[in-house]
Amino acid sequence: MTSCFPGFFSEEVPVRSSFPLPWRIVCALYSVARGFLYRKNHTINRTLSNFVDITAKASSKPVDGVYSEDVSYGEHAEQYARVFRPANPGTEKIPVVFFFHGGGFAILCAASKTYDRMCRLVAKGAQAMVVSVNYRRAPEHRYPTAYDDCFEAIRWAQAECQSGGELFAAADATRVFFVGDSAGGNIAHFMMARAVQSDVSPLELKGVVQLHPFFGGVERSPAELRMPDALFLSLEFTDWFWAAFLPPGADRDHPACNVFGPGAEDLSGLALPPILVTIGSNDILQDWQARYVQKLRDMGKNVTTRCSDVCHAEYILDDVMQALMDESVRFIQSSAS
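Per an unreviewed UniProt entry, the chain is named Alpha/beta hydrolase fold-3 domain-containing protein, and its organism is Marchantia polymorpha.

> Can you walk me through the pairing of strand β7 (residues 275–280) in this structure?
One face of the sheet, then the other: side chains in a regular strand alternate in exactly this way. The buried fraction of β7 is high, at six of six residues. Neither face of β7 is exposed, since Ile-275, Val-277 and Ile-279 on one face and Leu-276, Thr-278 and Gly-280 on the opposite face are all buried. As judged from the four bridges shared by strand β6 (residues 205–211) and β7, these two strands associate in the parallel manner. Each residue of the ladder has a partner; that of Gln-210, found in β7, is Val-277. As paired strands, β7 and strand β8 (residues 303–308) are joined by six bridges and run parallel to one another. Along β8, the bridge assignment pairs Leu-276 with Thr-304.

> What is the right way to look at the sheet that holds strand β1 (residues 66–72) in this model?
Consider a sheet: its strands pair through backbone hydrogen bonds, and that pairing is either parallel or antiparallel. With respect to topology, eight strands assemble into an open sheet ordered β1-β2-β4-β3-β5-β6-β7-β8, the strand pairing being mixed. This sheet does not close on itself; its edge strands, each paired only once, are β1 and β8. Each adjacent strand pair in this sheet contributes to an overall mean axis angle of 20 degrees, direction not counted. The pairing of strand β5 (residues 171–181) with β6 spans six bridges and is parallel. From the neighbouring strand, Asp-181 faces β6, where its bridge partner is Leu-211. Helix α3 (residues 113–126) rests against β1, β2 (80–86), β3 (94–100), β4 (129–133), β5 and β6 of the sheet, and its axis sits at about 40 degrees to β2. Running at roughly 160 degrees to β3, helix α4 (residues 145–163) makes contact with β1, β2, β3, β4 and β5 of the sheet.

> Would you mind going over the packing of α4 against helix α5 (residues 183–196) with me for this structure?
For any two helices packed against each other, the geometry is given by the interaxial angle and the distance between the axes. The N-to-C vectors of α4 and α5 enclose an angle of 55 degrees; their axes lie 10 Å apart at closest approach. Here α4 is positioned oblique relative to α5, judged by the angle of their axes. Between α4 and α5 the crossing geometry is right-handed. Across the interface between the two elements, Ala-146, Tyr-147, Asp-148, Cys-150, Phe-151 and Ile-154 of α4 pack against Asn-186, Ile-187, Phe-190, Met-191, Arg-194 and Ala-195 of α5. Looking at side-chain class alone, the contact of α4 with α5 contains nine nonpolar, one polar and two charged residues.

> Help me understand the pattern of salt bridges in this model?
Side chains that differ in charge, positive against negative, can pair when their charged atoms come close. Within this structure, the stated rule accounts for 14 salt bridges. A salt bridge links Glu-69 to Arg-85; the shortest N-O distance between them is 2.4 Å. Placement of Glu-69 in strand β1 and of Arg-85 in strand β2 is noted, with a sequence separation of 16 residues between them. Among the residues examined, Arg-85 registers a relative accessible area of 28% and is labelled partly exposed. The salt bridge partner of Asp-149 is Arg-136, with a shortest N-O separation of 2.8 Å.

> How should I be thinking about the packing of α3 against helix α9 (residues 318–336) in this particular structure?
Look at α3 against α9: their axes get within 9 Å of each other, and the N-to-C directions meet at 40 degrees. Put simply, α3 runs oblique to α9. Crossing handedness for the pair α3 and α9: right-handed. Together, Thr-114, Arg-117, Met-118, Leu-121, Val-122, Gly-125 and Ala-126 of α3 and Met-321, Gln-322, Met-325, Val-329, Ile-332 and Gln-333 of α9 make up the contact between the two elements. A breakdown of the residues in the contact of α3 with α9 according to their chemical character gives eight nonpolar, four polar and one charged.

The rules we used
Residues numbered from 1 in each chain as written. Predicted model: local features only at pLDDT ≥ 70, side-chain atom pairs only at ≥ 80, totals over all residues. Heavy atoms only, no water. Buried < 20%, exposed > 50% of the residue type's maximum accessible area, 1.4 Å probe, protein only. Helix = DSSP H or I, 4+ residues; strand = E, 2+ residues; numbered from the N terminus. Pairing = 2+ DSSP bridges. Axes fitted to C-alpha atoms, helices over the stretch in contact; angles between N-to-C directions. Contact = heavy atoms within 4.5 Å. Parallel < 35°, antiparallel > 145°, perpendicular 65-115°, else oblique. Left-handed = near helix turned anticlockwise from the far one by under 90°. Nonpolar A, V, L, I, M, F, W, Y, C, P; charged D, E, K, R; others polar. Salt bridge = Lys/Arg side-chain N within 4 Å of Asp/Glu carboxyl O.

Below, the structure written as structure tokens:
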């Protein structure tokens, strides 16, 4: 693969050689913990995984100007959505943002404190209803469970809007957005492809935001070869997550991973909405993300990129999270009008 990296970053976005102490501490702790979390046979210590995942409860009282509640969309306990609504939305109906969380399809959840915070920032900043979708995780539930669960949540919201349910009474179903980070960015891609080929009325998809989306392939990219031990997400663990998620015997050229590889769906004829992809110059996945952007642009799709000097998932730090959510809010506001 030829690196797309130079085409998406200017000289003002360097690869950093040092990182803030809080981030280095987080990465060091994670490096220690993951040896106990992820087993060589691609199973996971779920008890430990849930224990180290710091979660936040839904709140019927405003927190940072946003209400939240957990609502079931399916028959399984893991199939729920955390719904966020601004405390003072005004009299006009508000956009609907579906948020798909990351975690390599295997860890974290809609209640994770990081995602609770991210969704509150989007709900307040964009004055939007945010539906943060929890889905069943790998390796207990491999491909395509995460995709099927998330689309089931979209179908649930569609039915609620059609029936005039109270939960979506203030929602403007004609202004819908998909947002996802890492594996959630991957999910956002597939939800977009499904939604534009399905009757999801009255829902109308206006835009998609993919934050450091999780893509890959069998071939090693220049960034993967250059920084195999990248902070937080290393080459070893990208491989582990894919092996735990993909069908047994599948390699990383499976369409879920290599979305424009052999056997991937042809999206060229689909009417895709505007897309924002954020890429970090210290993210091991940067070349796959840049290739994704270029493939879509070659098809004539409207894709915007935002590049910065962060590594994968560094947005769990407050200042990086705020900047990234502000960028997402600006995109939603510009696309919703």
